[in-house]
Amino acid sequence: TLLLQTLKDIDSLESFMADITEAWKTGQTEVLGDILLESFLAHPAIYRALLVNRNEQWLPRIESLIGQQQNCMVIVGAAHLVGRDGIIAGLKAKGYSVEQL
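These remarks concern the structure in this document. Position numbers for residues start from 1 in each chain and track the written sequence from start to end. Residue-level local features of this predicted model are given only where pLDDT is at least 70; pairs of side-chain atoms are given and counted only at 80 or more, and the full residue set underlies all totals for whole chains, interfaces and linings. Only hydrogens and water are removed before side-chain values are computed, so all heavy atoms of the structure are retained for them.

Below, the discussion takes up the nonpolar core. For the purposes of this section, nonpolar cores are sets of buried Ala, Val, Leu, Ile, Met, Phe, Trp, Tyr and Cys residues that join through side-chain atoms within 4.5 Å. Only protein chains enter the accessibility calculation, which uses a 1.4 Å probe. A residue is then buried if its area is under 20% of the maximum for its type, exposed if over 50%, and partly exposed in between. One finds Ile 20, Ala 23, Leu 32, Leu 36, Leu 37, Phe 40, Tyr 47, Leu 51, Val 52, Ala 79 and Val 82 forming the largest nonpolar core, which totals 11 residues. The way it works is that DSSP assigns letters per residue, a run of H or I at least four long becomes a helix, a run of E at least two long becomes a strand, and they are numbered from the N terminus. For this core, the secondary-structure elements that each account for two or more residues are helix H2 (13-25), helix H3 (29-37) and helix H4 (44-66). Sequence-distant contacts of Leu 51, that is, excluding residues within four places in its chain, are made with Leu 37, Phe 40, Ile 46, Ala 79 and His 80. Any pair of residues with heavy atoms lying within 4.5 Å of one another is described as a contacting pair.

Tracing the chain through its elements places Asn 55 in helix H4. N or O atoms closer than or at 3.5 Å make up a polar contact, with two conditions inside protein: a donor-capable atom paired with an acceptor-capable one, and, for residues adjacent in sequence, both atoms drawn from side chains. Of the polar contacts made by the side chain of Asn 55, one reaches the side chain of His 80; its length is 2.7 Å. Leave out the neighbours within four places in its chain, and Asn 55 touches His 80, Asp 85, Gly 86 and Ile 87.

Cavities and pockets were defined on a 1 Å grid built over protein atoms only: a cavity is a set of grid points that admits a 1.4 Å probe from which the probe cannot escape, a pocket is an open set flanked by protein on both sides within 12 Å along at least five of seven lines, and lining residues are those with an atom within 4 Å of any such point. Grid points are joined across faces, edges and corners, and a volume is the space filled by probe spheres set on the points. Of the volumes computed, that of the largest pocket is approximately 1300 Å³. In terms of lining residues, the largest pocket is bounded by 35 residues, among which Leu 81, Ile 87, Ile 88, Leu 91 and Val 98 are the most central. When contributions to the lining of the largest pocket are tallied by element, the ones reaching two or more residues are H3, H4 and helix H5 (87-93). Broken down by class, the residue content of the lining of the largest pocket amounts to 23 nonpolar, 5 polar and 7 charged. There is about 540 Å³ of room inside the second largest pocket. Thr 6, Phe 16, Ile 35, Leu 36 and Ser 39 are the residues nearest the centre of the second largest pocket, which is lined by 15 residues in total. Polarity classes work like this: nonpolar for Ala, Val, Leu, Ile, Met, Phe, Trp, Tyr, Cys and Pro, charged for Asp, Glu, Lys and Arg, and polar for all others, with Gly in that last group.

Remember, this is a structural readout, not a statement about activity or role.
Right, here's the structure in full:
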């Protein structure tokens, strides 16, 4: 279903990507979340499987990296960062301060 929706919206992909990029650059995480998570509203099971469950699995692993002396990088898709179930919200709920540089 998501693939069919993507194909249907392919003509607006360039504008979609520009909106995502601008929201990220300007730190508008609520706008970014609205854009990225809108397609999941009609598909809560897919939302849970693709985002929520994976974020819940990643949070302890990310948290274990925080205390290390080495710098590290965690790369995830932008949709994993935003929203009430996102990694940023999960880290904040655990008492971490999160900022975008």
